[in-house]
Structures are given as structure tokens and as C-alpha cells.
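Here's the letter readout for the chains.
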Amino acid sequence: MTNRIMTIGNTSPTGYGSHDVYDIRGISSALMARDFKGAKQVKIGNDLRKLVPLEYWRLMGMTDEDFHKADKVCSNTQLYQQAGNAIVVNVLESLFENM
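**Focus on the overall build of the protein**
Next, step 1: Helix and strand counts for the protein stand at four helices and four strands.
Next, step 2: Its helices and strands taken in sequence order, the protein reads β-β-β-β-α-α-α-α from the N to the C terminus.
Next, step 3: Among the 99 residues that make up the protein, the fraction classed as buried is 30%.
Next, step 4: Pairs at least 24 apart in sequence give 34% of the contacts found in the protein among residues at least 6 apart.
Next, step 5: Total accessible area on the protein is roughly 6500 Å²; 54% of this is exposed by carbon and sulfur atoms.

Structure follows, in C-alpha cells:
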């Protein structure tokens, strides 16, 4: 694991940034509400895999329980957007603790 974003490719014919492919040994890039157009992709071995909404929610520090509540009433597009518009829970808690 390294403390930097490791972009190792792009699957877009135009090089659009949301189609970047990331190495799993690096850290996550910023999650954005527009990611529903092209979810983050990681390379595992020789395979590419898109992060699913649950993984987005986990990266943002939200619980699986909260995700499953939202998953019952929201589309995947809405779930990606909600994660991308969120503030990382752990970061916000740390800010409040240090005020």
C-alpha cells in the first residue's frame, strides 16, 4: 500500500478522467457525484472491476446498515451521487473532536 493515487490506465476513448483505472495498492481518488457516469475502476490481476455503490459508501465512512436502507429506495445512480456529495464521516468526526 502506498500513500498516493496510482492511475495505471484509462478505458475512455477520449481519455475522460472518470474512466481512469487505479492500482489497488494505492489510495482512492476523490469520489464525485458524477461518478455514476463511469464508476472508479480498479485493476486486480489482469481484470478490471468497477467499484460498486456499497464500496463507495464504505470509502466515505458510512455503515453497511445505512447503505442497505438507502439501497431499498434509491437507484445505483442515486447511491453513487449520494456518496460523491457526502463528506467523509471519519474526517468530519475528527474535525469536530479537534475544535
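**Observations concerning the environment of Gly 45**
Next, step 1: Position of Gly 45 among the secondary structure elements: in the loop between strand E3 (41-44) and strand E4 (47-50).
Next, step 2: Look at Gly 45 and you get exposed, because its relative accessible area is 59%.
Next, step 3: Spatially, the C-alpha atom of Gly 45 lies 9.8 Å from that of Ile 24, the residues being 21 residues apart in sequence.

**Quick word on the side chain of Asp 23**
Next, step 1: Among the structural elements, Asp 23 can be located in strand E2 (residues 20-23).
Next, step 2: Sequence-distant contacts of Asp 23, that is, excluding residues within four places in its chain, are made with Met 6 and Ile 8.

**With respect to the nonpolar core**
Next, step 1: Of all hydrophobic cores here, the largest spans 15 residues; its most connected members are Tyr 56, Trp 57, Met 60, Phe 67, Leu 79 and Ala 83.
Next, step 2: Of all the secondary-structure elements, those providing two or more residues to this core are helix H1 (53-59), helix H2 (64-71) and helix H3 (76-84).
Next, step 3: Residues contacting Trp 57, with those up to four places away along its chain left out, are Met 62, Asp 66, Phe 67, Ala 70, Leu 79, Gln 82 and Ala 83.

**Some thoughts on the sheet that holds E3**
Next, step 1: Strand order in the open sheet formed by four strands is E1-E2-E3-E4, with mixed pairing between adjacent strands. In the strand order of this sheet, the two ends are held by strand E1 (7-10) and E4, each with one partner. Strand-to-strand twist in this sheet, taken as the mean axis angle between neighbours without regard to direction, amounts to 35°.
Next, step 2: Pairing analysis gives four bridges linking E3 to E4, with the strands arranged antiparallel. The residue of E4 that forms the bridge with Gln 41 is Lys 50.

Cut-offs and rules
- Residues numbered from 1 in each chain as written.
- Predicted model: local features only at pLDDT ≥ 70, side-chain atom pairs only at ≥ 80, totals over all residues.
- Heavy atoms only, no water.
- Helix = DSSP H or I, 4+ residues; strand = E, 2+ residues; numbered from the N terminus.
- Buried < 20%, exposed > 50% of the residue type's maximum accessible area, 1.4 Å probe, protein only.
- Contact = heavy atoms within 4.5 Å.
- Areas by Shrake-Rupley, 256 points an atom, 1.4 Å probe, with all protein chains shown as cover.
- Core = buried A, V, L, I, M, F, W, Y, C linked by side-chain atoms within 4.5 Å.
- Pairing = 2+ DSSP bridges.
- Axes fitted to C-alpha atoms, helices over the stretch in contact; angles between N-to-C directions.

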